[in-house]
Structure formats: C-alpha cells, structure tokens
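# Coordinates in review
Residues per chain are reported as follows:
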Amino acid sequence: MINHHPNRTQLNQFVEGTLPPAVSLIISAHADMCPKCRHDIEILQAEMSKKMLSEDSLSNHCDFGNMMNDIMELPSLDKQIKVESVVEKTLELDGKYFKLPRALHRFSDRTSGWSHLVGKLWQTQVDIGGDLKAHFIYMEKGGQVPEHTHRGNEYTLVIDGEFSDGLGTYDTGDLMLMNQHKHSPRADTDEGCLVFSLLDQPLHFTSGLARMLNPFSHLFFK
Ligand SMILES: [Zn+2]
C-alpha cells in the first residue's frame, strides 16, 4: 500500500510545470502508480484551468486563443493511462522482469547496464539528461546500502518490492525525499526491491566500514 506521496507544494509545482524536469519525471512515475495523486493532480489541473479562465474574464488584454491553447496542452493523465494499458515496458535483471511505470518507459533502454556491487546490490545509471543523476537500484534479499546521509536531495521511488531504512518501511509506489536524514536502505523480502533514485549530490557514507569503501560513492554518482 502506498503511504508516501509528494507533498502539496510539490504537486502544485508539478502542475504549474515549475519543478526541475527530473523531479517532474519521478512525480509523474509515482502518479502512474498512485490513484490518489492522479486524482489530486486532475483536481489541481482543473483548478488551474478555471483560474486562468477567470483571470482572462477580468482582463481584456489576455490573448484568449493562446490561453485556450495552453489549457489544451495540459497533460491529460487519462490519455496517458490508456496508453499505458496497451504498452508495457519492463526492465530485466538476471532473468527477473520488472514492469516500469509509464513515465519511465522511454528510459528502459537508456541504461548503462547492470553493475553488481557489494552487499547484494545491483545498480544501473539511467540517462535522463539534466543535472540530477538517476539510477535503478536493485537490492536482493538481505541487500543493504551502507549508512549514508545526503549533502543534497535524494528522491526514491519504489518500483517493485519493499525496503526499510531504520526510519520507515516503504512499499511499491512509495515516493520519498531524503535530505539531511541518515539512513541505510535494506531489503528483507524474498523478491528483493527495485527502486528508481535521483540524486543531486553524491551520497555521503557515514559508518566506519562504508567510509573505507569510499569509491562506492562514485558508483552511485558517476
Ligand atoms: Zn501518491
């Protein structure tokens, strides 16, 4: 069950189109998996359209034709969902196939190839353009990312399975923003856990052993 959603400010900025493209992408991927946020986004889009119309009725200076074009160009989640039901894209790792949310379909073949890391972890970088680094990370059962904190922001979307990190447990579809928190993600279920992760700064490992594995940091931030 999904318990972690983008906050209200992030959803507003998503609808306004003012978020960095990578953050919009991960929120869009979450919305593909989350009926609640799809519903909230539709309501915010409708409110924004209404606001634009009423602002226009107060001002005769606005170009009505352009404004209508803008409204028509707002992304329609309904249409996107119909497309998703026809096309399915998966990510393959070692004979396991993971269904990707619609927003990530176009990146399924833009990965660098899986690397097997220490601690039952696999990761592949995803070329999404822009400044943020994107990875798919798969934790096998018992796999654990060494304890780290963040100098910047880390967005994590659970694509398949669940993991916990000492702060909480996160299920398929959950989207988390971590910044100052110190945590150590770990998968304990048989099926393991696949996440999509965005970073704007390298992870900063904090535990004694992980510090000695410092090059590890670069594996997450090439
Ligand atoms: Zn949600």
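Being a predicted model, the structure only gives us computed values, none of them experimental.

Here we take up the coordination of the zinc ion. Taken together, H5 (ND1), H30 (NE2), C34 (SG) and C37 (SG) make up the protein donors of the zinc ion, found 2.0 to 2.4 Å from the metal. Donor residues binding the zinc ion come from one chain and are separated in sequence as H-x24-H-x3-C-x2-C. Neither C34 nor C37 differs from the other in exposure class; each is buried.

With that out of the way, let us pick up the environment of G130. Here G130 shows up in the loop between β4 (121-126) and β5 (133-139). A relative accessible area of 71% places G130 in the exposed class. Along the backbone, G130 and A22 are 108 residues apart, and their C-alpha atoms lie at a distance of 7.4 Å.

The backbone phi angle of D94 is positive, close to 55°, even though this residue is not glycine. Position of D94 relative to the elements: it lies in the loop between β1 (90-93) and β2 (96-99).

Quick look at the sheet that holds strand β3 (residues 115-117) now. Strand order across the open sheet formed by six strands is β3-β4-β5-β11-β7-β10, with antiparallel pairing between neighbours. A single partner strand is all that each edge strand has here, and the edge strands are β3 and β10 (175-178). In this sheet, adjacent strand axes meet at a mean angle of 25° when their direction is disregarded.

Turning next to the nonpolar core. Side chains of nonpolar character tend, in soluble globular proteins, to be buried together. In this structure, I26, I27, L104, I128, F136, F196 and L198 are the most contacted members of the largest nonpolar core, which totals 37 residues. When residues of this core are traced back to their parent elements, those giving at least two are α1 (8-16), α2 (21-33), α3 (35-58), β1, β4, β5, β7 (154-161) and β11 (193-199). Among the elements that make up this core, the one with the highest residue count is α2 (seven residues). Residue contributions to this core reach at least three from each of two domains, namely domain 1 (8-86) and domain 2 (90-219). With residues up to four places along the chain from it excluded, the contact list for F196 reads L25, I26, L104, V126, A134, H135, F136, Y155, T156, L157 and I159. Formed by 16 residues, the second largest nonpolar core is a distinct cluster that contains L121, I137, M139 and L203.

To continue, consider α1. All of the buried residues in α1 are Q10, L11, F14 and V15. Buried residues in α1, looked at end-on, bunch into an arc of 135°, giving them a common side. Of the residues flanking the start of α1, the one acting as N-cap is N7, its side-chain oxygen 3.1 Å from the backbone nitrogen of T9.

Now for the pattern of salt bridges. A pair can form between side chains of opposite charge whenever their charged atoms are brought close. Under the definition given, this model contains four salt bridges. Two residues, R102 and D32, come together in a salt bridge whose shortest N-O distance is 3.2 Å. Here R102, found in the loop between β2 and β3, pairs with D32, found in helix α2; they are 70 residues apart in sequence, far enough to count as distant. Residue R102 shares its accessibility class with D32, and that shared class is buried. Between R186 and D188 there is a salt bridge, with its nearest N and O atoms 2.9 Å apart. Taking relative accessible area as the criterion, R186 reaches 30% and is therefore assigned partly exposed.

Basis of the calculations
- Here, residues in each chain are numbered from 1, in the same order as that chain's written sequence.
- Only residues with pLDDT of at least 70 are given local features in this predicted model, and only at 80 or more are side-chain atom pairs given and counted; all residues enter the totals for whole chains, interfaces and linings.
- Where side-chain values are given, they derive from all heavy atoms of the structure, hydrogens and water being excluded.
- Note that water is not among the atoms used; donors are N, O and S atoms within 2.8 Å of the metal (3.2 Å for Na, K and Ca), so sites may look incomplete.
- Here the term buried applies to any residue with accessible area under 20% of the maximum for its type, exposed to any over 50%, and partly exposed to those in between, with areas from a 1.4 Å probe on protein chains only.
- Going along the chain from the N terminus, every DSSP run of H or I of four or more residues is numbered as a helix, and every run of E of two or more is numbered as a strand.
- Note on pairing: DSSP must find at least two bridges between two strands before they are called paired.
- Every axis corresponds to a line fitted to the C-alpha atoms, with the helix fit spanning only the stretch in contact, and the corresponding angles, defined between N-to-C directions, vary from 0 to 180 degrees.
- Only buried Ala, Val, Leu, Ile, Met, Phe, Trp, Tyr and Cys residues count toward a nonpolar core, and they belong to the same one when joined by side-chain atoms within 4.5 Å.
- Segment limits for the domains were obtained from an automatic or database-derived domain assignment.
- Any two residues having at least one pair of non-hydrogen atoms within 4.5 Å are treated as being in contact.
- Directions are taken from the helix axis to each C-beta atom, and the arc is the one they span.
- Distance and chemistry together define a polar contact, namely a pair of N or O atoms within 3.5 Å, with one atom able to donate a hydrogen and the other to accept it when in protein, and with adjacent residues in sequence counting only for side-chain atoms on both sides.
- We count a salt bridge whenever a side-chain nitrogen from Lys or Arg sits within 4 Å of a carboxyl oxygen from Asp or Glu.

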